Amino acid sequence: MEQTNTTEKNTTIEKKLRSIYSLELHELKEWLGENGEKPFRAEQIYDWLYKKRITSFEDMSNLSKGLREKLELHFQITTLNTIIQQTSADGTIKFLFELQDGYSIETVLMRHDYGNSICVTTQVGCRIGCTFCASTLGGLKRHLEAGEIVAQVVKVQQALDVTDERVDSVVIMGIGEPFDNYENMLAFLKIINHDKALNIGARHITVSTSGIVPKIYQFADENTQINFAISLHAPNTELRSRLMPINKAYKLDDLMKAVRYYIDKTGRRISFEYGLFGNVNDSIEHAEELAELLKGLKCHVNLIPVNYVPERDYVRTPKDKIFAFEKTLKKRGINVTIRREQGHDIDAACGQLRAKERKEETR
Ligand code: SAH
């Protein structure tokens, strides 16, 4: 493992302006119109931000000085300061970034045969309270603005520019509950997907939720082609409530109704994440019960061997038991894979690095 600690801290704390990365193209056009400028300038600005990836309004040389000054006055081009950058033996890179107000977030770059994938954060902390998760330690500090989520992709893309590589896919599986910051998450999706911006195809984007049921209906109605995952982790409501307190507000039955609505409405397959927690939810009986729950659904199950979190006392399921669980599901006709683990030597599970490095934020 390689670790670089850097101190690219801003010396002056500027006033908090809206991030220009938060604006969808049509919003930027509207803003320009309202401010006495030609709407087509929006495309030029997008080009500077997302194709040339510059970080200062001053460098937008085909815009008038007046417009550059106006932009400067109203927006910032969010820059994320790298506090820590860890590179794993398998090439996974984990970034701990500092936001303008001093809070920290994590972003992970994973290298797959099919390209570069990044995992982004949507909130500083999380209020869902899953009993196994490091992101929720210390609760929710604040939502990220859409532009602060976009900035994570831009920042990693800038790092990849050096070797002429690109961010091929994005998973919203970092710190936070994306459906608890719904509007900003949706704006983020639209911006990175836009061909004038980062042009990341909807089928190369995955969003995951712990199960905020009303938002699942809303998301189904958006009719996007984005991949959708649900953190399930238990085959029955009692066990799920013990692992994930959200299940007390939105019971498994209601969650499954929403899942069926999503599949009917979009025609798309859903992924279920199922973390295997030693002696908690990993027996053959649990696998049978899970197969029963998912019978006939257009879905896929992703088995995640638990990531050890020092503050939590779950233990890993032994390999042979993981394979037996997988085999049971397969026998019952359920599509299943075991998640390949990456970055195991660099605290790459959600919220782990932040919890370790920023103890004051996660208490
Ligand atoms: N809040 C969203 C996005 C996070 S995605 C959600 O809950 O879906 C990250 C995935 O990793 C979720 O499925 C989460 O439940 C799971 N996870 C969190 N901590 C884990 C741990 N210690 N071991 C295994 N999986 C974990």
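The rules we used
- Residue numbers here run from 1 along each chain, matching the order of that chain's written sequence.
- Selection of residues for local features in this predicted model requires a pLDDT of at least 70, selection of side-chain atom pairs for listing and counting requires 80 or more, and totals for whole chains, interfaces and linings are taken over all residues.
- Heavy atoms throughout the structure, all of them, feed into the side-chain values; hydrogens and water do not.
- Going along the chain from the N terminus, every DSSP run of H or I of four or more residues is numbered as a helix, and every run of E of two or more is numbered as a strand.
- Here the radius of gyration uses the C-alpha set of atoms, whereas the globule reference equals 2.2 Å times the residue count to the power 0.38.
- Three exposure classes are used, based on accessible area relative to the maximum for each residue type with a 1.4 Å probe and protein chains only: buried under 20%, partly exposed in between, and exposed over 50%.
- Put simply, a residue is near a molecule or strand once any heavy atom of it comes within 4 Å of that molecule or strand.
- Throughout this description, a polar contact denotes any pair of N or O atoms lying within 3.5 Å of each other; where both atoms belong to protein, one of them has to be capable of donating a hydrogen while the other can accept it, and for residues adjacent in sequence the pair is counted only when both atoms sit in side chains.
- To measure how exposed things are, a 1.4 Å probe is used in the Shrake-Rupley method; for residues, cover is taken only from the protein chains shown.
- Geometry of aromatic contacts follows a simple scheme: Phe, Tyr and Trp rings, the Trp one being its six-membered ring, pair when their centres are within 6.5 Å, and the pair is stacked under 30 degrees between planes, edge-to-face over 60, tilted otherwise.
- For our purposes a nonpolar core is just a set of buried Ala, Val, Leu, Ile, Met, Phe, Trp, Tyr and Cys residues, chained together by side-chain atoms within 4.5 Å.
- Should any heavy atoms of two residues lie within 4.5 Å, those residues are counted as being in contact.
- Note on method: axes are straight lines fitted to C-alpha atoms, helices fitted across the in-contact stretch only, with angles between N-to-C directions ranging 0 to 180 degrees.
- Any angle that is under 35 degrees is reported as roughly parallel, and any over 145 degrees as roughly antiparallel; angles of 65 to 115 degrees are reported as roughly perpendicular and all others as oblique.
- Working rule for handedness: look at the near helix, and if it is turned counterclockwise from the far one by less than a right angle, call the crossing left-handed; if clockwise, right-handed.
- In this classification, Asp, Glu, Lys and Arg are treated as charged, Ala, Val, Leu, Ile, Met, Phe, Trp, Tyr, Cys and Pro as nonpolar, and every other residue, Gly included, as polar.

Undergrad: So, the overall build of the protein: which residues are in play, and what are the values?
TA: Regarding its fold elements, the protein presents 12 helices and 15 strands. For 363 residues, the compact-globule estimate of 2.2 N^0.38 gives 21 Å, and the protein sits close to it at 21 Å. Considered along the principal axes of its C-alpha atoms, the protein spans approximately 70 × 45 × 35 Å. Per-residue burial for the protein yields a buried fraction of 56% across its 363 residues.

Undergrad: Quick rundown of unusual backbone geometry? Include the residues and the values.
TA: At arginine 53, a position not held by glycine, the phi torsion is positive, near 55°. Of the residues examined, arginine 53 reaches a relative accessible area of 19% and is grouped as buried. Positive phi, close to 60°, is recorded for aspartate 164, a residue that is not glycine. For aspartate 164, the position within the fold is in the loop between α4 (146-161) and β10 (167-172).

Undergrad: Mind laying out the site of the ligand, listing which residues take part and the relevant values?
TA: Taken together, 17 residues surround the ligand, and among them Gly176, Ser208, Ser231, His233 and Asn307 come closest. A distance of 3.1 Å is found between a nitrogen atom of the ligand and a backbone nitrogen or oxygen belonging to phenylalanine 132. For the ligand, a nitrogen atom lies 3.1 Å from a polar atom in the side chain of glutamate 177. In isolation the ligand exposes 540 Å². Once the protein is present, 94% of that is buried.

Undergrad: How would you explain the packing of aromatic side chains if you had to name every residue and give the values?
TA: In this structure the tally under the stated criterion is 15 aromatic pairs. Considering the side-chain rings of phenylalanine 179 and phenylalanine 219, the 5.4 Å spacing of their centres and the 55° angle between planes classify their relative orientation as tilted. Here phenylalanine 219 lies in helix α6 (residues 213-222) and phenylalanine 179 lies in the loop between β10 and α5 (182-193), a separation of 40 residues in the sequence. In this pair, the class of phenylalanine 179 matches that of phenylalanine 219, namely buried. Measuring from ring centre to ring centre gives 6.3 Å for phenylalanine 219 and tyrosine 262, while their planes differ by 5°; the resulting arrangement is stacked. Taken together, the residues phenylalanine 219 in helix α6 and tyrosine 262 in helix α9 (residues 252-266) connect sequence positions 43 residues apart. These aromatic residues form a ring-pair network of at least three members: Phe179, Tyr182, Phe219, Phe228 and Tyr262.

Undergrad: Outline the nonpolar core, supporting the account with residue identities and numerical values.
TA: Of all hydrophobic cores here, the largest spans 103 residues; its most connected members are Tyr50, Met60, Leu71, Phe188, Phe272 and Leu294. Setting aside chain neighbours within four positions, we find tyrosine 50 in contact with Tyr21, Val150, Val154, Ile191, Lys196, Ala197 and Leu198.

Undergrad: Describe the packing of α5 against α6, listing the residues and the values that go with them.
TA: Following both chains from N to C, one finds α5 and α6 inclined at 25°, their axes separated by 12 Å at the closest point. Between α5 and α6, the angle falls in the class roughly parallel. Here α5 and α6 pass one another in a crossing that is right-handed. Note on element contacts: α6 touches α5 through Lys215, Gln218, Phe219 and Glu222, opposite Tyr182, Glu183, Leu186 and Leu189. Classifying every residue of the contact of α5 with α6 gives 4 nonpolar, 1 polar and 3 charged.

Undergrad: Any chance you could break down the environment of leucine 239 for me, citing the residues and the numbers?
TA: Topologically, leucine 239 is positioned in helix α7 (residues 237-243). In the structure, leucine 239 is positioned 42 residues away from asparagine 281 in sequence and 7.9 Å away in space, judged by C-alpha atoms. Sequence-distant contacts of leucine 239, that is, excluding residues within four places in its chain, are made with Ala234, Val280, Asn281 and His286.

Purely spatial values, then, with no claim about function.
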